[in-house]
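Below are the chains, spelled out letter by letter.
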Amino acid sequence: MSMIKSKRFMPLMLAVSMVIGIVIGSFYANHFSGNRLSIIHSGSNRLNNLLRIIDDQYVDTINIDDLVEKAMPLILSELDPHSVYISAKDVQATNDDLKGSFSGIGVEFIIRDDTIRIQNVISGGPAESAGVLAGDKIVSVDGKPFVGKMVTEEEAKLRLKGPKGSKVTIGVMRYRQKKVHTFTIRRDDIETKSIAATYMIDQTTGYIRIKNFGEKTYYELLTSLAQLSQEGFSNLIIDLRDNSGGLMKEAIRISNEFLPANRSIVYTEGRKSPRQDYRSDGRGSYQKLPLVILINEGSASASEIFAGAMQDNDRATIIGRRSFGKGLVQQQIEFSDHSMIRLTIARYYTPSGRSIQKPYTDGNDKNYEEDLLSRYRHGEFFSQDSIRHTGPAYKTANGRLVYGGGGITPDIFVPEDTLGMTSYYKEAVLSGLMSQFTFQYTDDNRPRLSTCSTMDELLKYIKRQNIVQQFVHYAAKNGLQRRNLLIQKSHRLLERFLNSRLVYTFLGENEWVKYINLDDSTIKAALDVFRKKAAFPQGPGAAHRDAANGNKTSRRTR
């Protein structure tokens, strides 16, 4: 829309925005007792009449409902970056991750060349039972072609998901086969786990990776901890890297498992939301377990609640890079048409009193949107000295300094690993050629790869195949110029990417996480903390006091 048109419609949009604001407030006041919203009624009749006037007299036919639908996101975008409007058709998809299940056929897919490529078939799901394989291309749905520009992620989910018990027929093409294979699949509930991996990383250290905080995360964690207990763990790593958050209550329940009684976990407070404190009840089963938490710039919201509670209580060592910085609490409010808003009603504060929320001006703040890119350019991903603390300093229970105003700063900084990064590797990944190659390689080698039951067996077979050179030859035929010096420099990264995709396809997510952790510098830093018995952070001067006590003991021994 041109600048002239924008100015012409601005009065209309402002007026509609005011009307919709009143409508939202009225609905909220009428339908949610105990959270009364004071509405200023002066002028409301005039504003209500505006929509009626537009409907009656505007030069063109106007769909008032469509106008409202377009206005609501604009209103919320003026507030903050996390107050959002969700249309009725998007509500279910938005809530699926938090609920931990959805009804569908049980596949993970990506879209390449306007075609759905099945990336993974969920074990035990309807698609697996029907005979669908990773690498299959979906070319039709319910007898109608489904290729070309119509294939979007939203449209694909709309066609493949559906009520439990309903059927969908898909036609798939397999590599080097001309015949279309047809499968009729009865949709079922597909469980989506928020814990990606649980395993013993060495003889004494358990590892749990949490992808998000959903309705079942706490119970999944208890199951993972029970498994590790049977395997004899005495240290624990919880990996929250790239965990964008979820439900605050789950982060609180998980925090409670590791804290002694009556410790602050988090508190929330807003203009119309009185302060509410959440404290531990002392029933947690792992209060004395040495704990390390991994975070990075993708860790947000509920991840930061958990990490902040452990850091401020000096309960765990936090390792990685500064977290995202989302410290706003949203309340979900549903309307009669099943659309909803997620409205920011409060901020949350860690036990020391710091707000993790990074600065913003409104919901359209360009600097907020580009914050991670700005951090990268500033060098924060590579140097701890480049971290800019914009908020005041606070102290943990033991007197250590921590900072508010923009994420959780780790106790131990680990820079992003750029060893072997070249322009050839970046283009190989971003072009999609590496993903396309792994699909082809999977089809060519499926019978042999399917016999590998462990990661070691799979990696040994792949290594004998010289997979990097196979990819380089494939990429050259598909437009990526062969550059031997850069390929040699990036050989480890190329091999790691290709191997990881094959491990994921044939052995699942748990083994995939195991593989990518093998040479992970943040994991190595965590293990070093346990070797030094330093998982419980000490206050200022603790090392000096320990040294002094040690010297006294030595003198007495003599």
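Source: prediction; values computed, not measured.

The next subject is a nonpolar patch on the surface. Together, Leu-373, Tyr-376 and Phe-382 give the surface a local cluster of nonpolar side chains, amounting to about 260 Å² of exposed area. For Leu-373, the location among the structural elements is in helix H11 (residues 371-378).

For the rest of this paragraph, the subject is the packing of aromatic side chains. Tallied over the entire structure, the rule returns 15 aromatic pairs. Between Phe-258 and Tyr-286, the ring centres sit 6.3 Å apart and the planes meet at 40 degrees, which makes this aromatic pair tilted. Taken together, the positions of Phe-258 in helix H8 (residues 248-258) and Tyr-286 in the loop between strand E14 (276-279) and strand E15 (291-295) put the pair 28 residues apart, joining distant regions of the chain. One aromatic cluster is present, built from ring pairs that chain together Phe-233, Phe-258, Tyr-286 and Phe-306. The ring centre of Phe-381 lies 5.7 Å from the NZ or CZ of Arg-321, which sits over that ring. Above the plane of the ring of Tyr-504 lies Arg-501, whose end atom (NZ or CZ) is 5.0 Å from the centre.

Turning our eyes to something else, we now look at helix H17 (residues 491-507). The end-to-end C-alpha distance of H17 is 23 Å, a good match for the 24 Å that 17 residues give at a rise of 1.5 Å each. Every buried residue of H17 is listed here: Leu-493, Leu-494, Phe-497, Leu-498, Asn-499, Ser-500, Arg-501, Leu-502, Val-503, Tyr-504 and Phe-506. Just beyond H17, the residue with positive phi is Gly-508, at close to 95 degrees.

Looking at soluble globular proteins, one finds that nonpolar side chains tend to be buried together. Ranked by size, the top nonpolar core spans 51 residues in total, and within it Ile-319, Tyr-424, Met-434, Ile-467, Phe-471 and Leu-494 carry the most contacts. Beyond its immediate sequence surroundings of up to four residues, Leu-494 is in contact with Tyr-424, Tyr-425, Ala-428, Met-434, Val-468, Phe-471 and Ile-487. Core analysis: the second largest hydrophobic core is formed by 38 residues, Met-200, Leu-225, Ile-254 and Ala-302 among them.

Before going further, it helps to spend a moment on the sheet that holds strand E16 (residues 317-320). One open sheet accounts for six strands, arranged E10-E11-E12-E15-E16-E21; its pairing is mixed. Looking at which strands have only one partner, the edges of the open sheet turn out to be strand E10 (195-200) and strand E21 (412-413). Along the sheet, helix H9 (residues 302-312) makes contact with strand E12 (235-239), E15 and E16, crossing E15 at roughly 135 degrees.

Below, the discussion takes up the pattern of salt bridges. Tallying each qualifying case throughout the model produces 27 salt bridges. In this structure, Lys-149 and Asp-114 form a salt bridge, with 3.7 Å as the shortest nitrogen-oxygen distance. Of this pair, Lys-149 sits in the loop between strand E6 (144-145) and helix H6 (153-160) while Asp-114 is found in the loop between strand E3 (107-112) and strand E4 (115-121), placing the two residues 35 residues apart along the sequence. Under the relative-accessibility criterion, Lys-149 is labelled exposed at 73%. Look at Asp-114 and you get partly exposed, because its relative accessible area is 29%. Because the salt bridges share partners, they merge into one network encompassing Arg-322, Lys-358, Asp-371, Arg-375 and Glu-380.

So, about the confidence of the model for the protein. Predicted coordinates in regions of low pLDDT should not be interpreted in detail. In the predicted model, the protein carries a mean pLDDT of 86, and 87% of its residues have values of at least 70. pLDDT under 50 marks residues 1-9. Its contacts with residues more than four places away, or in other chains, come to two contacts. In the model, residues 22-42 has pLDDT below 50 throughout and makes 22 contacts with residues more than four positions away in sequence or in other chains.

We now examine the side chain of Thr-115. As for its position among the elements, Thr-115 is in strand E4. Judged by its relative accessible area of 13%, Thr-115 falls in the buried class.

Rules behind the numbers
Residues numbered from 1 in each chain as written. Predicted model: local features only at pLDDT ≥ 70, side-chain atom pairs only at ≥ 80, totals over all residues. Heavy atoms only, no water. Patch = residues over 30% accessible without salt bridge, like charges linked within 9 Å, V, L, I, M, F, W, Y side chains within 5 Å. Areas by Shrake-Rupley, 256 points an atom, 1.4 Å probe, with all protein chains shown as cover. Salt bridge = Lys/Arg side-chain N within 4 Å of Asp/Glu carboxyl O. Helix = DSSP H or I, 4+ residues; strand = E, 2+ residues; numbered from the N terminus. Phe/Tyr/Trp six-rings, centres within 6.5 Å; stacked < 30°, edge-to-face > 60°. Lys NZ or Arg CZ within 6 Å of the ring centre and 35° of its normal. Expected span 1.5 Å × (residues − 1). Buried < 20%, exposed > 50% of the residue type's maximum accessible area, 1.4 Å probe, protein only. Core = buried A, V, L, I, M, F, W, Y, C linked by side-chain atoms within 4.5 Å. Contact = heavy atoms within 4.5 Å. Pairing = 2+ DSSP bridges. Axes fitted to C-alpha atoms, helices over the stretch in contact; angles between N-to-C directions. pLDDT = per-residue confidence, 0-100.

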